[in-house]
Amino acid sequence: MIKKPTQTGHFLFFQRVCCVILFLLFSSINDFAQQYTFIEYSLKEGLPQSQVRCMMQDSRGFFWIGTLGGLSRFDGRTFKNYDRQEGLLNNQANCVIELQDGTIAVGSNGSFSLINGMGVRSIPLGIEHEESTINALFEDDELIWIGTENGMLLYSLKEEKMIADESFGTLLNVHIKSFLKRRNGEVCILTKEECFTKSSGGLKAFYKPDSTEIGLFDIAESEDATIWIASKGMGLVHLTAEGALITSYADLSGFPTNTITGLIIDKNDHIWMTSRFGFFEFDGNHFEAFTERSGLKTPDVRDILEDREGNIWLGTYGNGILKFTGKAFSSYTVKDGLSSDAVMSIAQDKNNDFWFSTFDKGICRMSGDSVQQFRLDEWTNNNRIWSSLTDHTGALWFGSSDGLFKYEYGKFSLYTESDSLSNTMVLALYEDKQQRIWIGTNKGLTVYENNRFRKISQVDAPQRKVRCIKQDKGGHLWFAAIDGVFRFDGEKFASFSQKDGLAENSSNCLEMDEFNRIWVGSQNGISILESSQFVASQIDENSGSNVINFLKYVDGKMWIGTNNGLYSVNVTKELNERALIFRHYGLEDGLRSLETNLNAVFLDHQNRMWFGTTDGATNLNTTVLQNQKGLFAPQLNLTNIQINLLDLDWGATFKNRTVLNGLPINPEFNYKQNHITFYFSGISSTYPEGVTYQYMLEGLDEDWKALTTADFATYSNLPYSSFVFKVRSAGSEGVWSEPVSYTFSIKPPFWLRWWFVLIEIAIIATIIGYIIYNKRKAAKAKRDKEWFEIRSKMLTLEQQSLNSSMNRHFIFNALNSIQYYINRQDRLAANRYLSDFARLIRKNLDSSQDNLTTLRDEIERLELYLKLEHMRFKDKFEYKINIDPSLNLDQTKVPAMLVQPFLENSIWHGLLPKDSPGFVIVDIRKHGETLELTITDNGIGIENSLKNKTTTDTHISKGMEITQNRIELIKKMSGQVIELHGPTQMQENGVLSEGTRVVIKLPLNFHELFKE
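Treat the numbers as computed from the prediction; the structure is a model and nothing was measured. (Residues numbered from 1 in each chain as written. Predicted model: local features only at pLDDT ≥ 70, side-chain atom pairs only at ≥ 80, totals over all residues. Heavy atoms only, no water.)

Caption draft 1: Structural view of the overall build of the chain. When its secondary structure is counted, the chain shows 10 helices and 70 strands. At a minimum sequence separation of 6, the contacts of the chain that also span at least 24 residues come to 54%. Here the chain displays about 47,400 Å² of accessible surface, and carbon together with sulfur accounts for 48% of that area. (Helix = DSSP H or I, 4+ residues; strand = E, 2+ residues; numbered from the N terminus. Contact = heavy atoms within 4.5 Å. Areas by Shrake-Rupley, 256 points an atom, 1.4 Å probe, with all protein chains shown as cover.)

Rendered as structure tokens:
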């Protein structure tokens, strides 16, 4: 019923009209104090603080949670936190929105912050509002509307500063609570006292409660454009599209407060509300309250959010954020009056009361919202109940560890082995079409018919641990036992084991589908009988998923209870075990426990499936489950890139970056930045742990990589090229997201770029050309050298020939001289002449074999030659050889017989034609690194010699020419400078005089250079 607020006028009329209707609406609320599952994310999961003020899901799928300790971004698994250290001016995050470019705006106390991939930028409100609490934010045409407890403020995104706008009038000094963008384009501005609308026509009043004691907190618009307001004093307020009051809901049965602090409208147009006493759902006809009795750890809910997948999220004051897993699964535990959470069997009597058999605390009956417990201490000390059954008469049967109990007419009766039970441990109960009750025990079978028990003593019947009994459409009975599966046709039993295709002999449960196929569950998966052969199949890779505790066929699905939650599989007429696709249901779907109990499954009169777990009895509403959630692909985001396992300051290197994640656009990395790690996040709020990824690198990979749960991909030693990284993700339902791509390139080092390659080619070509040129030059030099050597040999031979000619002439004259001395009987002179003549001949013959000779040998040759010529022409000239004492005569080498032709020329053409005696002087001097040889005579001179010369006198001139050619040849062969000056006629005061001079300059180390 509605408690009437202190109001007047039409509001009271609406209250009276609605009283009777609402009484009828709420008379059916919460027959049971059923508990739902809420998944908590708080401090231990990474939330910085447990007192949540606001929540929002952005366009990329990330959740943003504002707390008293900062703002958090949540992807369903991990939190990334922002506080003062990241740039916030205040850690209290009161409200959060997403701007059009993806930037997140968060309102705090005295400031607000803008967060995106570029970083965090915080803006203070100014001195006048440094203590003002921001309650709401709204973006409108590059303006951010800032609603505070002290009025309305505006911030220009374009000008990046706070601005004033007088068009908001009275809103500049009121307590603003919320903004709402309506379908007609107007913006509702909700203050604590009333509601306004703002449009191009200006600001106008929309709704104001009749009482000043009414406080307004939040606002939302439904699909029919009507307005809903959360209030203090009036509860949930419903307005027309024009702002007229339709009705309000407060202080109703199951609605324990008239203060609603927040609300949203979901995709189904249901209204969800928050309060300090829990949260509520209104579907337009019925309210449902969710409080601590429903499983909430704290009733103080500060914000509520519906995500893109239809999940409801709660921001609490002290327990972080909670994900409401929905109403498909609800549970009943000791908190609801059960004697134990370990429920082993469930039955429903003719009065629609539910009977829960427990592992250790007897039996409970739930009737309406009351629970009655039955302990069996009167008959046994063992309160362990394994199975239960309601027979055709309405009597209840319970199989325990100490016998079979029957409950009828309000009394229990116990049957044991003395009543012909096979064994007192009763594991399975089943009533067949002939209304016989089959009892599976620890040691075989018993049947109850015609009010008496009969043991099945046939040797082909199951003898141990009969756990489950069913009857097929043909009337055959099937038994799951520890020794295999048995079929009874009314006369005999047939057994099936692993040799017949069973996953294993020990069978836990069995069930028939509508096509009369037999499904068998074991601790090693399921087996399906088609024709006469079983086909085994595994449920999942998790070992607990293949421990099958129960099977139940409902509306075209086989439901499978395991040690790892609940599974379902669609059953079709043509069933291929390879095509079986198992759908898993776990904690994220609302199960309180993943471990189900053996054969603890039951289908009630409303076609709802019940099953026992280690944490209470669970009710599955398959209709709600089918409509609760659709199939969604994860929202995939590229979150970060590391280079060489390091985070880089992208802003310091790249100008063009995306606002959403701050990553550079089409970057070019240098050749050292070729070890790249990509981080990505596929956001599935329903099944965050079920997200898998595939990725590839176009330009390197030919196809997608194998599925992985890792949210990063690393490529090392990438070649120099352009690449496109692609990643896609799939949820647990197998729906793939669209691939996310990222284009980048690895630049080669400068020495591998095209312009440098051209330079390299040019340099290499130049080097090759230079090498070829040098090789050709060397080859030419070698050929020239060979030619020079050949010519040198020829010249040598020619010189030797000339020497021979000279020697013949000289020998002829010398022999005449010797004859002259003999005829004069001057034996001493003849012997001396003959001896020196022999020595000279020997030295000349030796010098003809070598190009170089020591300076000492050369001087001795010259002295012998001059001595012999002087003996012949005693009265014609004198001679002298001057030697530099600093010279090493034995180590200094000179070309052999280089000077002798010039001495011969001086004697024969200069001195002999002279009327008076003359002289010839040889000076050998050292000047630095140069050896200088000078031949000086005072003969008749060059001009007089040329006048006296006859055409037949060519002996000496040929010797000079050969010597000059020899000098040129030696210069080319040695590569050194050899200077020959002369013969030149002597001058005195610029006037030609008698005599000639020849100067020869050689390197002092000529012998070493010549060897090279």
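Caption draft 2: Here's a closer look at the confidence of the model for the chain. Looking at the chain as a whole, its pLDDT mean stands at 87, while 89% of the residues score no less than 70. For residues 1-31, every residue scores under 50 in pLDDT, and the model assigns this stretch 52 contacts once sequence neighbours within four places are set aside. (pLDDT = per-residue confidence, 0-100.)

Caption draft 3: Main features of the nonpolar core. L903, I924, L931, I935 and L1002 are the most contacted members of the largest nonpolar core, which has 43 residues in total. Residues W519, I528, Y567 and F582 belong to the second largest nonpolar core, which totals 28 residues. (Core = buried A, V, L, I, M, F, W, Y, C linked by side-chain atoms within 4.5 Å. Buried < 20%, exposed > 50% of the residue type's maximum accessible area, 1.4 Å probe, protein only.)

Caption draft 4: Examining the packing of aromatic side chains more closely. Evaluation of the coordinates by the stated rule reveals 73 aromatic pairs. Here Y36 and F324 contribute two aromatic rings whose centre-to-centre distance is 5.7 Å and whose plane-to-plane angle is 85°, an arrangement assigned as edge-to-face. Within this pair, whereas Y36 is found in the loop between α1 (10-26) and β1 (38-41), its partner F324 is found in strand β28 (residues 321-324), the two being separated by 288 residues in sequence. Overall, F324 belongs to the buried group, its relative accessible area being 4%. Here F680 and F725 contribute two aromatic rings whose centre-to-centre distance is 6.2 Å and whose plane-to-plane angle is 25°, an arrangement assigned as stacked. Placement of F680 in strand β59 (residues 676-683) and of F725 in strand β62 (residues 722-730) is noted, with a sequence separation of 45 residues between them. (Phe/Tyr/Trp six-rings, centres within 6.5 Å; stacked < 30°, edge-to-face > 60°.)

Caption draft 5: Looking closely at helix α7 (residues 900-911). The element α7 is largely enclosed, with a buried count of 11 among its 12 residues. Taken as a whole, α7 has its buried residues at Q900, P901, F902, L903, E904, N905, S906, I907, H909, G910 and L911.

Caption draft 6: Region of the structure containing unusual backbone geometry. Between G982 and the following residue, P983, the backbone shows a cis peptide bond with an omega angle of 5°. Residue position: P983 is located in strand β69 (residues 979-988). Here N644, not a glycine, exhibits a phi torsion of approximately 55°, which is positive. Following the sequence through the fold, N644 ends up in the loop between β57 (635-643) and α3 (650-653). Residue classification places N644 among the partly exposed positions, given a relative accessible area of 35%. Here the phi dihedral of N717 falls at roughly 50°; this positive angle occurs in a residue that is not glycine. Its location among the elements puts N717 in the loop between β61 (712-715) and β62.

Caption draft 7: The arrangement of the sheet that holds β62 in detail. Sheet architecture is open: four strands sit in the order β58-β63-β62-β60, paired in mixed fashion. The sheet is open, and its two borders are formed by β58 (668-669) and β60 (692-698), each paired with just one other strand. Sheet analysis places β60 next to β62, joined by seven bridges and oriented antiparallel. Among the inter-strand pairings, M696 is bridged to a residue of β62, identified as K726. (Pairing = 2+ DSSP bridges.)

Caption draft 8: Region of the structure containing the sheet that holds strand β25 (residues 287-290). In spatial order, the strands read β22-β23-β24-β25; together these four strands make up an open sheet with antiparallel pairing. Both outer strands of the open sheet, β22 (262-265) and β25, are each paired with one neighbouring strand and no more. Each adjacent strand pair in this sheet contributes to an overall mean axis angle of 20°, direction not counted. For strand β23 (residues 271-275) and strand β24 (residues 278-282), the ladder comprises five bridges, and the chain directions are antiparallel. From the neighbouring strand, T274 faces β24, where its bridge partner is F279. (Axes fitted to C-alpha atoms, helices over the stretch in contact; angles between N-to-C directions.)

Caption draft 9: Region of the structure containing the pattern of salt bridges. Overall, the coordinates contain 25 salt bridges when judged by the stated rule. In this structure, the salt-bridge partner of E221 is R183, at a minimum N-O distance of 3.5 Å. Residue E221 is found in strand β18 (residues 215-221), and its partner R183 is found in the loop between β14 (176-181) and β15 (187-191); the two are separated by 38 residues along the sequence. A residue is classified by how much of its surface remains accessible, and E221, at 10% relative accessible area, is buried. On the basis of relative accessible area, R183 is assigned to the exposed category, the value being 52%. Measuring nitrogen to oxygen at the nearest pair gives 2.7 Å for the salt bridge that ties D432 to R436. Summarising the burial analysis for this pair, D432 and R436 share the class buried. Each member of the salt-bridge network shares a partner with another, and the members are R182, R183 and E221. (Salt bridge = Lys/Arg side-chain N within 4 Å of Asp/Glu carboxyl O.)

Caption draft 10: Just helix α6 (residues 855-872), in detail. When the terminal C-alpha atoms of α6 are compared, their 26 Å separation across 18 residues agrees well with the 26 Å that a helix rising 1.5 Å per residue should span. The element α6 is largely enclosed, with a buried count of 13 among its 18 residues. (Expected span 1.5 Å × (residues − 1).)

Caption draft 11: Up close: the side chain of T996. Counting through the fold element by element, T996 comes out in strand β70 (residues 991-1003). Only 2.5 Å separates the side chain of T996 from the side chain of D937, close enough to count as a polar contact. Discounting residues that sit within four places of it in the chain, T996 has contacts with S906, I935, T936, D937, G941, I942, T984, Q985 and M986. (Polar contact = N/O pair within 3.5 Å; in protein donor to acceptor, adjacent residues only side chain to side chain.)

Caption draft 12: Highlighting the packing of α6 against α7. Packing of α6 against α7 leaves a shortest axis separation of 11 Å and a crossing angle of 15°. Judged by the inter-axis angle, α6 sits roughly parallel to α7. Relative to α7, the crossing made by α6 is right-handed. For the pair formed by α6 and α7, the contact residues are L862, Y865, L866, E869 and R872 on the first element and Q900, L903, E904, I907 and W908 on the second. Classifying every residue of the contact of α6 with α7 gives six nonpolar, one polar and three charged. (Parallel < 35°, antiparallel > 145°, perpendicular 65-115°, else oblique. Left-handed = near helix turned anticlockwise from the far one by under 90°. Nonpolar A, V, L, I, M, F, W, Y, C, P; charged D, E, K, R; others polar.)

Caption draft 13: Quick look at the state of the cysteines. Within the structure shown, the criterion is met by zero disulfides. Free cysteine C54: the closest other cysteine sulfur is in C95, separated by 6.2 Å. Taking the relative accessible area as the measure of exposure, C54 reaches 5% and is therefore buried. Assessed through its relative accessible area of 7%, C95 is described here as buried. (Disulfide = S-S within 2.5 Å.)

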